Amino acid sequence: MSFSSTTKNELCQIRGEDRCCQIAELSALIKVSGSIGYARGKGLSLTLTTENPAIARRIFSGFKRIFGLSAEILIKQNPTLKKHNTYLIVVQGAEEILIALKIIDHSDGTYKFEDGIPEGIATKECCVRAYLRGVFLGGGSLSDPEKGYHLEFVTNDEPYAEALIHLMERYDLVPKIIQRKNHWIVYIKEGDQIVDFLNIIGAHTILLEFENIRIVKQMRNDVNRLVNCETANLNKTVDASYRQIEDIEFIMERVGLDYLGANLREAAEMRLENREATLKEIGEMMDPPVGKSGINHRFRKIEKIAHDLRVKLNVT
């Protein structure tokens, strides 16, 4: 089961909400996943489409609880994904329902579809959360956080997508919008904001799972960075040690280590005896101990002496 399906199944378990919240959620579901038809003599019909059986049951129960009617459920097999069915929840004579949910306005005798989020549907705090939950159930998806952080809603027109953004901004969320073919996509890619959204819509169990995965990923990334850093430092230490030993052996072969003087000779001999040691470790072995910058200064002098000798002896 996908991360999106798991999230939606959890949301479908939410019970005991006030009627206003149930109306807000159902209105959002219709707005993003419903279609309206008209037949002469029969009036308006409403069809909601979903591939999630839990959502289909929730929509059916919503019509029963709020309006006291039984919708018709049709099941069609998806020709591209044969293991998945498509559920169609159909309501005939849906005019009064659509008016009550503020999907359409019929006050002047003509049918007028409401743009954006219907006024009065998502005003109270509880109703805003329910409305956003309905939007996610009807047209939302959430990627597996192991693969990346991405939450999106598919909408049919730009004004509605913009209205959703304004609604989400009430919670300091910063969603973005992009057009994909004939749809407008509202999306969030920041992990912290996705967590906030899951909390807003009441997906608390999946929120904890999402956070656990984020923590493990962060720890894994931190370990990888630490290992990479340690590897880089080790490579630098090995490279520096190799160059220092090369210079010291050149000086020893050509003029002898006494050519260096007491302090530099002590550092050179300590390096030859401890070829894998860091500068700090070599400095601590000195008597008296020498700081890292001090021992580094000595090796720079040795490097210059070796360079000058090569130039003088015409050795490349």
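Residues numbered from 1 in each chain as written. Predicted model: local features only at pLDDT ≥ 70, side-chain atom pairs only at ≥ 80, totals over all residues. Heavy atoms only, no water.

Observations concerning the nonpolar core
Here's step 1: Core analysis: the biggest nonpolar cluster contains 67 residues, and Ile30, Phe63, Tyr131, Leu132, Phe197, Leu198 and Ile201 have the highest contact counts within it.
Here's step 2: With near-sequence residues (within four places) excluded, Leu198 lies in contact with Thr7, Leu142, Ala203, Ile206, Leu207 and Phe210.
Here's step 3: If you look at the next biggest cluster of nonpolar residues, it comprises 21 residues, including Ala268, Leu272, Met286 and Ile295. (Core = buried A, V, L, I, M, F, W, Y, C linked by side-chain atoms within 4.5 Å. Buried < 20%, exposed > 50% of the residue type's maximum accessible area, 1.4 Å probe, protein only. Contact = heavy atoms within 4.5 Å.)

Here we look at the pattern of salt bridges
When the charged atoms of two side chains lie near each other, side chains of opposite charge can form a pair.
Here's step 1: This structure, assessed with the given rule, holds 15 salt bridges.
Here's step 2: In this structure, Glu211 engages Arg214 in a salt bridge whose closest nitrogen and oxygen atoms are separated by 2.9 Å. Taken together, the positions of Glu211 and Arg214, both in helix α8 (residues 204-254) and three residues apart, correspond to about one turn of that helix.
Here's step 3: Residue classification places Glu211 among the partly exposed residues on the basis of a relative accessible area of 26%.
Here's step 4: In this structure, the salt-bridge partner of Arg310 is Asp247, at a minimum N-O distance of 3.1 Å. (Salt bridge = Lys/Arg side-chain N within 4 Å of Asp/Glu carboxyl O. Helix = DSSP H or I, 4+ residues; strand = E, 2+ residues; numbered from the N terminus.)

What about unusual backbone geometry?
Here's step 1: Here the bond from Asp287 into Pro288 is cis, since omega is 0°, no more than 30 degrees from zero.
Here's step 2: When you line up the elements, Pro288 lands in the loop between α10 (279-285) and α11 (292-313).
Here's step 3: Notably, Asp172 is not glycine yet its phi reads approximately 65°, a positive angle.
Here's step 4: Residue Asp172 is classed as exposed on the basis of its relative accessible area of 67%.

Observations regarding the packing of aromatic side chains
Here's step 1: Applying the stated criterion to the full structure yields six aromatic pairs.
Here's step 2: Taking the centre distance of 6.5 Å and the plane angle of 40° together, the rings of Phe63 and Phe67 count as tilted. Here Phe67 and Phe63 lie together in helix α3 (residues 53-67), a separation of four residues that amounts to about one turn.
Here's step 3: Here the aromatic rings of Phe136 and Phe153 are separated by 6.4 Å at their centres, their planes lie at 85°, and the arrangement is edge-to-face. With Phe136 in helix α5 (residues 125-139) and Phe153 in strand β8 (residues 151-155), this pair connects stretches of sequence that are 17 residues apart. There is no split in this pair, since Phe136 and Phe153 are both buried.
Here's step 4: In this structure an aromatic cluster arises from ring pairing among Phe3, Tyr149 and Phe210.
Here's step 5: Note that Arg214 overlies the ring of Tyr149, its terminal NZ or CZ placed 5.8 Å from the centroid. (Phe/Tyr/Trp six-rings, centres within 6.5 Å; stacked < 30°, edge-to-face > 60°. Lys NZ or Arg CZ within 6 Å of the ring centre and 35° of its normal.)

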